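Now for the letters of each chain:
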Amino acid sequence: MALLRIAEASRYLGVSDDSVRRWVSSGRLSAHTDEAGRAAVDGVEVARLVRELTGGGRPGEAEAHGLRTSARNRFTGLVTDVVLDTVMAQVTLQCGPFRVVSLMSAEAARELGLEPGMPASAVVKATTVVVERAEA
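What you see is a predicted model, and the numbers here were worked out from it, not measured in a lab.

1. Some words on the pattern of salt bridges
- By the definition in use, this model includes four salt bridges.
- One salt bridge connects Arg 38 with Asp 34, and the closest N-O pair in it is separated by 3.0 Å.
- A relative accessible area of 9% places Asp 34 in the buried class.
- Across the salt bridge formed by Arg 48 and Glu 52, the nearest N and O atoms sit 3.5 Å from each other. With Arg 48 and Glu 52 both in helix H3 (residues 43-54), this residue pair falls four residues apart, about one helical turn.
- The class of Arg 48 is partly exposed, set by a relative accessible area of 32%.

Given below as structure tokens:
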């Protein structure tokens, strides 16, 4: 069983440490103790809760707006920067704790009317996604 410290679980869930502690107290998450004697929760339970809180398995944002898509990775956030030249644009979005940078044609960026401060979604479909894991 992969145990996560309360602070780690709160980061993955996008909530405060206190919310995770309340969920442990209410039984929504099981309480454990890690090898150092610190409060921890089961990573599998946290993954289940993330799916529950983010609508895993339910129609996504695109489908809710009548769109059908094969892309499964959607990051909604706020445009923080747009750098345009005559041909290309670099658009940066802050999606929660994650920064997503897209390179697109300047024409596409202008057609979308992208500018800092506006909400937008980065939809990613990639044949290669690298997954990293820190050594335990």
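2. Some points on the pairing of strand E4 (residues 73-84)
- Judged from the six bridges that link them, E4 and strand E7 (residues 119-124) form a sheet pairing that is antiparallel. Of the residues in E7, the one forming a bridge with Leu 78 is Pro 119.
- Examined bridge by bridge, E4 and strand E5 (residues 88-95) share six bridges and lie antiparallel to one another. Note on E5: the bridge partner recorded for Val 79 is Leu 93.
- Remark: three residues form the turn of the hairpin made by E4 and E5, two consecutive strands paired antiparallel.

3. Describing a nonpolar patch on the surface
- Together, Val 87, Met 88, Val 101 and Leu 103 make up an exposed nonpolar region whose accessible area comes to about 380 Å².
- Residue position: Val 101 is located in strand E6 (residues 98-105).

4. Remarks on the packing of helix H1 (residues 6-13) against helix H2 (residues 17-26)
- At a minimum axis separation of 8 Å, H1 and H2 run at an interaxial angle of 105 degrees. Judged on the interaxial angle alone, H2 and H1 are roughly perpendicular. Between H1, through Ile 6, Ala 7, Ala 9, Ser 10 and Leu 13, and H2, the contact on the second element is made entirely by Asp 17, Val 20, Arg 21 and Trp 23.
- Of the residues that constitute the contact of H1 with H2, the class distribution is six nonpolar, one polar and two charged.

5. Here's the deal with the sheet that holds E4
- Strand order in the open sheet formed by four strands is E6-E5-E4-E7, and the pairing between neighbours is antiparallel. Where the open sheet ends on each side, the last strands, each with one partner, are E6 and E7. If you compare each strand with its neighbour and ignore which way they point, the axes differ by 45 degrees on average.

6. Section: the packing of aromatic side chains
- A full pass over the atoms with the stated rule returns zero aromatic pairs.
- For Arg 28, the ring lying beneath its charged end belongs to Trp 23, and the centroid distance is 5.0 Å.

Calculation rules
- Residues numbered from 1 in each chain as written.
- Predicted model: local features only at pLDDT ≥ 70, side-chain atom pairs only at ≥ 80, totals over all residues.
- Heavy atoms only, no water.
- Salt bridge = Lys/Arg side-chain N within 4 Å of Asp/Glu carboxyl O.
- Buried < 20%, exposed > 50% of the residue type's maximum accessible area, 1.4 Å probe, protein only.
- Helix = DSSP H or I, 4+ residues; strand = E, 2+ residues; numbered from the N terminus.
- Pairing = 2+ DSSP bridges.
- Patch = residues over 30% accessible without salt bridge, like charges linked within 9 Å, V, L, I, M, F, W, Y side chains within 5 Å.
- Areas by Shrake-Rupley, 256 points an atom, 1.4 Å probe, with all protein chains shown as cover.
- Axes fitted to C-alpha atoms, helices over the stretch in contact; angles between N-to-C directions.
- Parallel < 35°, antiparallel > 145°, perpendicular 65-115°, else oblique.
- Contact = heavy atoms within 4.5 Å.
- Nonpolar A, V, L, I, M, F, W, Y, C, P; charged D, E, K, R; others polar.
- Phe/Tyr/Trp six-rings, centres within 6.5 Å; stacked < 30°, edge-to-face > 60°.
- Lys NZ or Arg CZ within 6 Å of the ring centre and 35° of its normal.

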